[in-house]
Amino acid sequence: MKVVVVENYDEMSLRAAEIVEQQVLKNAKSILGLATGSTPIGLYGKMIEGFKNRSVSYEQIKTINLDEYQGLNRNHPNSYHSFMYENLFKHINIQMRNTYLPDGQARSVEEECERYEALIDRIGPVHLQILGMGTNGHIGFNEPGTPEGSLTHCVELDESTRKNNARFFESPDAVPTHAITMGIASILKSDRILLLASGKKKAPAVKKLMEQQVSEDFPASYLWNHDDVTLIADRDAYQLVE
Ligand code: F6R
């Protein structure tokens, strides 16, 4: 794992955007793996700036998102479909038909998980996967206890995850209890992975990650089993690493 420590959130976002832009310039038909949450919002902002000010084009790329809440209509303001549209897709020249997220309202969740994994295999591998990390070490919604061989599956969200994500909802009870997420093995199929971490709230998780002990108790540790991962952490997130 390559580790880059930067000053703050803005610099983390800028460094990440440079890597995304290099990828897209190298291959206009890049497949990007995308995440939601607070962490990548700055990156998406820099990508939008690059599109507007430096003509970086996303016209031919395809995107595959990590996860979606179960039970939310894609037009619900807190769905990850809406998140991606509002924070990135509507601002750049991506073709919406080339953007993929799990369908949180599929009639059969099992079939949806199979369909999504097959889609990853058909249009992938993802060239560059963007990841954030939960305070409990989750990546995607792979909570502690998820096996390394897991493919796209339905998960019951940890109470800590629901609490952390309650800030986006009108009340903590409104946070869905389940989600569909790419599994660990689905994520590790990516050619290259960029893990972002910002803020002191993530410091214990970054410290744990850097102990390099691969364990299902801390899913981000599986990233040590991939040979092309870059962690970009800001000083606050990295402060507990000796
Ligand atoms: C989002 C996702 C999650 C988040 C993680 C961190 O698609 O898969 O793993 O990356 O929960 O969330 P933030 O960035 O809000 O701290």
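Heads up: the structure comes first, above all this text.
These figures come from a predicted structure and were not determined experimentally.

Some remarks on the nonpolar core
Alright, step 1. Counting residues in each nonpolar core, the largest one holds 39 residues, and the members touching the most others are V20, L43, Y58, L88 and I232.
Alright, step 2. For this core, the elements supplying multiple residues, two or more each, are β1 (2-6), α1 (9-26), β2 (31-34), α2 (41-54), α3 (80-87), β6 (128-131) and β9 (193-197).
Alright, step 3. The leading source of residues in this core is α1, at six residues.
Alright, step 4. Among the nonpolar cores identified, the runner-up in size contains 35 residues, and I139, F218, A220 and V241 belong to it.

Side note on the sheet that holds strand β5 (residues 99-100)
Alright, step 1. What the seven strands build is an open sheet, ordered β1-β10-β9-β6-β2-β3-β5; its pairing is parallel. Edge positions in the open sheet fall to β1 and β5, since each of these has one partner strand only.
Alright, step 2. Examined bridge by bridge, β9 and strand β10 (residues 229-234) share five bridges and lie parallel to one another. Across the sheet, the residue bridging to L196 is I232, located in β10.
Alright, step 3. Packed on one face of the sheet, helix α4 (residues 109-123) meets β2, β3 (62-65) and β5 and runs near 150 degrees to β3.

With respect to the pattern of salt bridges
Alright, step 1. A full pass over the atoms with the stated rule returns ten salt bridges.
Alright, step 2. Here E7 ties to R235 by a salt bridge, and the two come within 3.1 Å at their closest N and O atoms. Separated by 228 residues along the polypeptide, E7 in the loop between β1 and α1 and R235 in helix α8 (residues 235-238) bring together distant segments of the chain.
Alright, step 3. Residue E7 is classed as partly exposed on the basis of its relative accessible area, which comes to 46%.
Alright, step 4. Two residues, K90 and E86, come together in a salt bridge whose shortest N-O distance is 2.7 Å.
Alright, step 5. The exposure class assigned to K90 is partly exposed, which follows from its relative accessible area of 41%.
Alright, step 6. Ionic contacts of the salt-bridge type, sharing partners, join the residues E117, D121 and K189 into one network.

Re the site of the ligand
Alright, step 1. Near the ligand lie 14 residues; those nearest to it are T39, D67, H138, G140 and K202.
Alright, step 2. A distance of 2.6 Å separates an oxygen atom of the ligand from a polar atom in the side chain of D67.
Alright, step 3. A distance of 2.8 Å separates an oxygen atom of the ligand from a polar atom in the side chain of R167.
Alright, step 4. Protein chains bury 93% of the 410 Å² of accessible surface belonging to the ligand in isolation.
Alright, step 5. Of the residues in the shell around the ligand, the class split is three nonpolar, eight polar and three charged.

Overview of helix α7 (residues 203-210)
Alright, step 1. Among the residues making up α7, those that are buried are A203, A205, V206, L209 and M210. All buried residues of α7 project into a common sector of 160 degrees when viewed along the axis, lining one side.
Alright, step 2. Where α7 is buried, its residues meet β1, β9, β10 and α8.
Alright, step 3. Q212 lies just past α7 and shows a positive phi near 65 degrees.

Topic: the sheet that holds strand β8 (residues 178-181)
Alright, step 1. The sheet built from three strands is open, its strands ordered β4-β8-β7 with antiparallel pairing. Looking at the sheet topology across the chains shown, the edges are occupied by β4 (67-69) and β7 (153-156). Ignoring strand direction, the axes of neighbouring strands in this sheet form an average angle of 25 degrees.

Some points on the side chain of S30
Alright, step 1. Note that S30 resides in the loop between α1 and β2.
Alright, step 2. Polar side-chain contacts of S30 include one of 2.6 Å to the backbone oxygen of N27.
Alright, step 3. Beyond its immediate chain neighbours, meaning those up to four positions away, S30 contacts Q23, V24, I61, K62 and H127.

Description of the side chain of H153
Alright, step 1. Position of H153 relative to the elements: it lies in strand β7.
Alright, step 2. Here the side chain of H153 touches L151 through a polar contact of 2.7 Å, landing on its backbone oxygen.
Alright, step 3. Excluding residues that lie within four positions of it along the chain, H153 makes contacts with C113, N142, T146, A179, I180, T181, M182 and G183.

Focus on α4
Alright, step 1. Relative to the 21 Å expected for 15 residues at 1.5 Å per residue, α4 spans 21 Å between its end C-alpha atoms, a close match to the ideal helical length.
Alright, step 2. Among the residues making up α4, those that are buried are V109, E112, C113, Y116, E117, L119, I120 and I123. Down the axis of α4, the sector holding all buried residues measures 155 degrees, keeping them to one side. Across from the buried face of α4, at angles greater than 90 degrees, the exposed residues are E110, E111, E114 and R122.
Alright, step 3. Looking at the buried residues of α4, the elements they touch are β2, β3, β5, β7, β8 and α6 (184-188).

Conventions and cut-offs
- Residues numbered from 1 in each chain as written.
- Predicted model: local features only at pLDDT ≥ 70, side-chain atom pairs only at ≥ 80, totals over all residues.
- Heavy atoms only, no water.
- Core = buried A, V, L, I, M, F, W, Y, C linked by side-chain atoms within 4.5 Å.
- Buried < 20%, exposed > 50% of the residue type's maximum accessible area, 1.4 Å probe, protein only.
- Helix = DSSP H or I, 4+ residues; strand = E, 2+ residues; numbered from the N terminus.
- Pairing = 2+ DSSP bridges.
- Contact = heavy atoms within 4.5 Å.
- Axes fitted to C-alpha atoms, helices over the stretch in contact; angles between N-to-C directions.
- Salt bridge = Lys/Arg side-chain N within 4 Å of Asp/Glu carboxyl O.
- Near = heavy atom within 4 Å.
- Polar contact = N/O pair within 3.5 Å; in protein donor to acceptor, adjacent residues only side chain to side chain.
- Areas by Shrake-Rupley, 256 points an atom, 1.4 Å probe, with all protein chains shown as cover.
- Nonpolar A, V, L, I, M, F, W, Y, C, P; charged D, E, K, R; others polar.
- Arc of directions from axis to C-beta.
- Expected span 1.5 Å × (residues − 1).

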